Amino acid sequence: MNKLLSSLLVVLFVLAGCGSQPAPKVSTIPSWVLNPNQNGKSGAVGSSMRTYDQKTSTQRKLAITRALDELSLQRGVKVEMSLSKQESYKNGSGSTQININSNYQTNDTITAHIEAVHEDKISGELFIWMVLD
């Protein structure tokens, strides 16, 4: 009887193991994504999900632009923007004119290079680490 019971338990454990789910995928993000200023380097990270046109080149350009914007903010770039809207109506017809002016001021020229690139295989998000030269 004990032999039958132990054989039955072994069969149950084997069958229970056959229906198990695979382990979920874990995202491995490099340390520089959350800490771009490391190893004596001053940097910034730009990221981008897939873009409207689904092109990797567009996704990469957006991530680079975001990293450069962050580096500019760190270096003290001053941005001024003004928006003016003028509407006029005469004899039942109207027109609208909008003027947008922006001004960027900095005392430094920012030069940087791409230090590393990482693509999250699960989400498709692209991370680019740019470091000041």
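Remember, predicted model here, so these are calculated numbers, not experimental data.

**Let's talk about the nonpolar core**
For step 1, the next point in the chain: With 8 residues, the main nonpolar core is built from Ala44, Ala63, Ala67, Leu71, Leu126, Ile128, Met130 and Leu132.
For step 2, the next point in the chain: Among the elements that line this core, the one with the most residues is strand S5 (residues 126–132), at 4 residues.

**Considerations on helix H2 (residues 56–74)**
For step 1, the next point in the chain: With 19 residues, H2 ought to run about 27 Å at 1.5 Å a step, and its terminal C-alpha atoms sit 27 Å apart, in line with that.
For step 2, the next point in the chain: Those residues of H2 that sit buried are Gln59, Ala63, Ala67 and Leu71. Along H2, the residues classed as buried sweep out an arc of 110° about the axis, all on the same side. Facing away from the buried side of H2, by more than 90 degrees, are the exposed residues Lys61 and Leu73.
For step 3, the next point in the chain: On its buried side, H2 packs onto strand S1 (43–48), strand S4 (112–119) and S5.
For step 4, the next point in the chain: Trailing H2 by a residue or two, Gly76 shows a phi angle of about 85°, which is positive.

**Side note on the side chain of Gln59**
For step 1, the next point in the chain: In this fold, Gln59 is placed in helix H2.
For step 2, the next point in the chain: Overall, Gln59 belongs to the buried group, its relative accessible area being 1%.
For step 3, the next point in the chain: At a separation of 2.9 Å, a polar atom in the side chain of Gln59 contacts the main-chain carbonyl oxygen of Ser48.
For step 4, the next point in the chain: Setting aside anything within four residues of it in sequence, one finds Gln59 in contact with Ser48, Met49, Arg50, Thr51, Gly124, Glu125 and Leu126.

**Points about the pattern of salt bridges**
For step 1, the next point in the chain: A complete count under the given rule lists 2 salt bridges for this structure.
For step 2, the next point in the chain: A salt bridge links Glu115 to Lys41; the shortest N-O distance between them is 2.6 Å. Residue Glu115 is found in strand S4, and its partner Lys41 is found in the loop between helix H1 (2–18) and S1; the two are separated by 74 residues along the sequence.
For step 3, the next point in the chain: Since its relative accessible area comes to 30%, Glu115 is described here as partly exposed.
For step 4, the next point in the chain: Residue class for Lys41 comes out partly exposed when judged on its relative accessible area of 30%.
For step 5, the next point in the chain: Among the ionic pairs, Glu119 bridges to Lys121, the shortest N-O distance being 3.9 Å.

**Let's talk about the side chain of Glu125**
For step 1, the next point in the chain: When you line up the elements, Glu125 lands in the loop between S4 and S5.
For step 2, the next point in the chain: Among buried charged residues, Glu125 stands out as having no salt bridge; its nearest opposite-charge side chain is Arg66, 6.5 Å away.
For step 3, the next point in the chain: There is a polar contact of 3.1 Å between the side chain of Glu125 and the side chain of Ser47.

**Some points on the pairing of S5**
Where a strand is regular, its side chains alternate between the two sheet faces.
For step 1, the next point in the chain: Of all 7 residues making up S5, 7 are buried, and the element is well covered by its neighbours.
For step 2, the next point in the chain: Residues Leu126, Ile128, Met130 and Leu132 point to one face of S5 and Phe127, Trp129 and Val131 to the other, with burial holding for every one of them.
For step 3, the next point in the chain: Pairing of S1 with S5, which is carried by 6 bridges, proceeds in the antiparallel orientation. Of the residues in S5, the one forming a bridge with Gly46 is Ile128.
For step 4, the next point in the chain: Where S4 folds back onto S5 in an antiparallel hairpin, the turn is made up of 6 residues, including Gly124, whose phi is positive at roughly 85°.

**A short note on the sheet that holds S1**
For step 1, the next point in the chain: Read from one edge of the open sheet, 3 strands run S1-S5-S4, paired in antiparallel fashion. Strand pairing shows two members of the sheet lacking a second neighbour, S1 and S4, which therefore form its edges. Strand-to-strand twist across the sheet, computed as the mean angle between neighbouring axes with direction ignored, equals 20°.
For step 2, the next point in the chain: Relative to S1, H2 is tilted by about 145°, and along the sheet it contacts S1, S4 and S5.

What counts and what doesn't
- Residues numbered from 1 in each chain as written.
- Predicted model: local features only at pLDDT ≥ 70, side-chain atom pairs only at ≥ 80, totals over all residues.
- Heavy atoms only, no water.
- Core = buried A, V, L, I, M, F, W, Y, C linked by side-chain atoms within 4.5 Å.
- Buried < 20%, exposed > 50% of the residue type's maximum accessible area, 1.4 Å probe, protein only.
- Helix = DSSP H or I, 4+ residues; strand = E, 2+ residues; numbered from the N terminus.
- Expected span 1.5 Å × (residues − 1).
- Arc of directions from axis to C-beta.
- Contact = heavy atoms within 4.5 Å.
- Polar contact = N/O pair within 3.5 Å; in protein donor to acceptor, adjacent residues only side chain to side chain.
- Salt bridge = Lys/Arg side-chain N within 4 Å of Asp/Glu carboxyl O.
- Lys, Arg positive; Asp, Glu negative; His and termini not counted.
- Pairing = 2+ DSSP bridges.
- Axes fitted to C-alpha atoms, helices over the stretch in contact; angles between N-to-C directions.

Honestly, that's just the spatial picture; any functional story needs more than this.
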